[in-house]
Amino acid sequence: MKTIFVTGGVVSSLGKGLAAASLGTLLESRGLRVTMGKLDPYLNVDPGTMSPYQHGEVYVLDDGAETDLDLGHYERFTGCVLGRRNNLTSGQVYENVLARERRGDYLGKTVQVIPHVTDEIKSRIRELATKSGADVAIIEIGGTTGDIEGLPFLESIRQYLLEAGEGNAMLIHVTLVPFIKAAGELKTKPTQQSVAKLREIGLQPKIVIARTECPLDEDVREKLSLFCNVPKRAVIEARDVAHTIYELPLMLQQEGLDTVVCQALQLEPAPAQMEDWAKFVERVVRPRKRVRIAVVGKYIELQDAYKSIYESLTHAGAAHDCGVDLVLVDAEGLEADGGPEKHLRGVAGILVPGGFGDRGIEGKIAAARYARETGTPYLGICLGMQVAVVEFARHACGHAKADSTEFDPETPDPVIYLMEGQKDVTAKGATMRLGSYPCALRKNTMAHQLYGLSEINERHRHRYEFNMKYRDEMEKQGLVISGTSPDGTLAEVIELRSHPWFIACQFHPEFRSRPRAPHPLFKGFIAAALGHVA
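Residues numbered from 1 in each chain as written. Predicted model: local features only at pLDDT ≥ 70, side-chain atom pairs only at ≥ 80, totals over all residues. Heavy atoms only, no water.

Brief notes about the overall build of the protein chain
And step 1. Along its length, the protein chain carries 19 helices and 23 strands.
And step 2. In terms of overall dimensions, the protein chain has a C-alpha envelope of 75 × 60 × 45 Å along the principal axes.
And step 3. The 534 residues of the protein chain split such that 59% are buried.
And step 4. Taking contacts inside the protein chain between residues at least 6 apart in sequence as the whole, the part at least 24 apart equals 73%.
And step 5. Charge separation in the protein chain, taken as the distance between the mean sites of 62 positive and 70 negative side-chain charges, equals 3 Å. (Helix = DSSP H or I, 4+ residues; strand = E, 2+ residues; numbered from the N terminus. Buried < 20%, exposed > 50% of the residue type's maximum accessible area, 1.4 Å probe, protein only. Contact = heavy atoms within 4.5 Å. Lys, Arg positive; Asp, Glu negative; His and termini not counted. Charge placed at Lys NZ, Arg CZ, Asp CG, Glu CD.)

Thoughts on the packing of helix H11 (residues 275-285) against helix H12 (residues 307-319)
And step 1. The N-to-C vectors of H11 and H12 enclose an angle of 95°; their axes lie 9 Å apart at closest approach. Classified by the interaxial angle, the pair formed by H11 and H12 is roughly perpendicular. Every residue of H12 that contacts H11 at Phe 280, Arg 283 and Val 284 is listed here: Thr 314, His 315 and Ala 318.
And step 2. Grouping the constituent residues of the contact of H11 with H12 by class yields 3 nonpolar, 2 polar and 1 charged. (Axes fitted to C-alpha atoms, helices over the stretch in contact; angles between N-to-C directions. Parallel < 35°, antiparallel > 145°, perpendicular 65-115°, else oblique. Nonpolar A, V, L, I, M, F, W, Y, C, P; charged D, E, K, R; others polar.)

Overview of the sheet that holds strand E10 (residues 207-212)
And step 1. Read from one edge to the other, the open sheet built from 7 strands follows the order E5-E2-E6-E1-E7-E10-E11, with strand pairing classed as parallel. What marks the edges here is a single partner per strand, and that holds for strand E5 (87-89) and strand E11 (235-239). Averaged over all adjacent pairs, the angle separating strand axes in this sheet is 20°, with direction ignored.
And step 2. Seen against the sheet, helix H7 (residues 189-200) touches strand E1 (2-8), strand E7 (169-176) and E10 and runs at an angle of roughly 145° to E7. (Pairing = 2+ DSSP bridges.)

Observations concerning the side chain of Ser 194
And step 1. Within the secondary structure, Ser 194 is located in helix H7.
And step 2. A polar atom in the side chain of Ser 194 sits 2.7 Å from the side chain of His 173.
And step 3. Contact partners of Ser 194, with chain neighbours within four places excluded, come to Gly 9, Val 10, Thr 145, His 173 and Thr 175. (Polar contact = N/O pair within 3.5 Å; in protein donor to acceptor, adjacent residues only side chain to side chain.)

With respect to the pattern of salt bridges
And step 1. For the structure on display, the rule yields 46 salt bridges.
And step 2. Between Glu 222 and Lys 232 there is a salt bridge, with the nearest N and O atoms lying 3.6 Å from each other. Taken as a pair, Glu 222 in helix H8 (residues 218-228) and Lys 232 in the loop between H8 and E11 lie far apart in primary sequence, 10 residues in all.
And step 3. Assessed through its relative accessible area of 36%, Lys 232 is described here as partly exposed.
And step 4. In this structure, Arg 369 and Glu 373 form a salt bridge, with 2.9 Å as the shortest nitrogen-oxygen distance. Pair noted here: Arg 369 and Glu 373 are both in helix H15 (residues 361-374), with a separation of 4 residues, about one helical turn. (Salt bridge = Lys/Arg side-chain N within 4 Å of Asp/Glu carboxyl O.)

A few points about the packing of aromatic side chains
And step 1. In total, this model carries 11 aromatic pairs according to the counting rule given.
And step 2. With centroids separated by 5.2 Å and ring planes inclined at 25°, the aromatic side chains of Phe 77 and Tyr 246 adopt a geometry described as stacked. Of this pair, Phe 77 sits in helix H3 (residues 70-77) while Tyr 246 sits in the loop between E11 and helix H9 (248-254), and the two are 169 residues apart along the sequence.
And step 3. Taking the relative accessible area as the measure of exposure, Phe 77 reaches 1% and is therefore buried.
And step 4. For Tyr 246, a relative accessible area of 0% translates into the label buried.
And step 5. Summarising the aromatic geometry, the rings of Tyr 306 and Tyr 310 are spaced 6.3 Å apart at their centres and angled 75° between planes, so their arrangement reads as edge-to-face.
And step 6. For Tyr 310, a relative accessible area of 5% corresponds to the buried category.
And step 7. Every member of this aromatic cluster is reached through a ring pair, and the members are Phe 77, Tyr 246, Trp 277 and Phe 280.
And step 8. Here Arg 433 stacks its cationic end above the ring of Tyr 437, 4.3 Å away from the centre of that ring. (Phe/Tyr/Trp six-rings, centres within 6.5 Å; stacked < 30°, edge-to-face > 60°. Lys NZ or Arg CZ within 6 Å of the ring centre and 35° of its normal.)

Quick notes on the environment of Leu 265
And step 1. Within the secondary structure layout, Leu 265 lies in the loop between helix H10 (257-264) and H11.
And step 2. We classify Leu 265 as buried; its relative accessible area is 0%.
And step 3. Along the chain, Leu 265 and Lys 2 lie 263 residues apart, while their C-alpha atoms are 6.9 Å from each other.
And step 4. Leu 265 has contacts with Lys 2, Thr 3, Ile 4, Gly 167, Asn 168, Ala 169 and Met 170, leaving out every residue within four places of it along the chain.

Here you go:
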């Protein structure tokens, strides 16, 4: 097993997760089996209780782990199916160490960062690497070099590299080489100082990936090579992509990143086969058609809040050789600023994503009603399904005060209510219905046609569910429950019998979409949007 660690320096949000994922793409294209992981220095046990404004999207894995959004990049860029062990936080580390201390596992010793915390981190890294059965493990360390909370992770990596030995493990440092307009030149000093910070604690990167707006000329490469103590061929340019993040693996391949990595790890795999990836990128960059899709959400101003949604639309668009022009609509704006007609007229499809809390709910309900009444293709995800049910109950079934008990506990018609298994739950962290669950699809429905299967597995993250007491009444009015849990007690997919394309699901299909394998619901949604005369 070979191990690659990826750190970041100078500033946050450099894209080291994308760099790590892109390296995974390249190594897989050479025939190597790859696994990936993320070490996050924050003290939360997981990001499940964080606001999207703090952390962006929470990405849910098959086993129910609520993880960093970078794990979404890992799964989309590689063939990995990740699990709980692929994301480690400081909160998990200290939780485990303190539990061992309480059990007496340390035999009366003074519990310290070194060796007890660092041993815990190294143990989790080895567990990830060995249990995956992969040839190469790529592990990203969150945060920025120099952050105080990240020091135990960096010390653990130093020890791991020493114990693994030359040729078995390596460090890649992603850093910023800014262009100073006043001087008209790129500046290498921030990168020099970031690498110097690593070397202070005994870490020497084998490769420096330089994020930059402008090409690195030979003088800049030579300076980075000299002061960062890496060969010039190991100074890798990562210029800002022109169109899409999926260009990055091709750009890093041109820079020779995978070749330098394989040489450093004494690997001799086959040459990279990136032709299919290049064809996908070509369809994203130069599509023959375009379609306008409205996303009606409450975190619209934050790009990372719906990251997997946006990427899934890109995947589905590429499958139809179609570019997707996003119309981002603030759900609160629909409530007060001209209504849905002003914001949604002219779009070819409407997508309402998940979320929590009552802010913007009436706007989302208005969007679902607009889609239903105008025949506009609609895809509702999690909360997007729940608001569609509430809207249908109010305006098609005559229950004017129908609602979810999440928003109105006293509603006379609780068409969405707290699941039975959630009623005695008081803790917030990792207590929802999380992870992959089976869903039985009803024959002769649109959902069954799109999937081409009678049973599927999808990832969930919710506490509230469709109230089956209203099933018969709603089905008489044209709402079809086309997917349920295998025992038939939970509604998983709904659609409208008389609508051209109106589907909503309780699960999160965006977590299973891949560039070269778009999710059936997103693929069908884009096809319907292309056929819709807006």
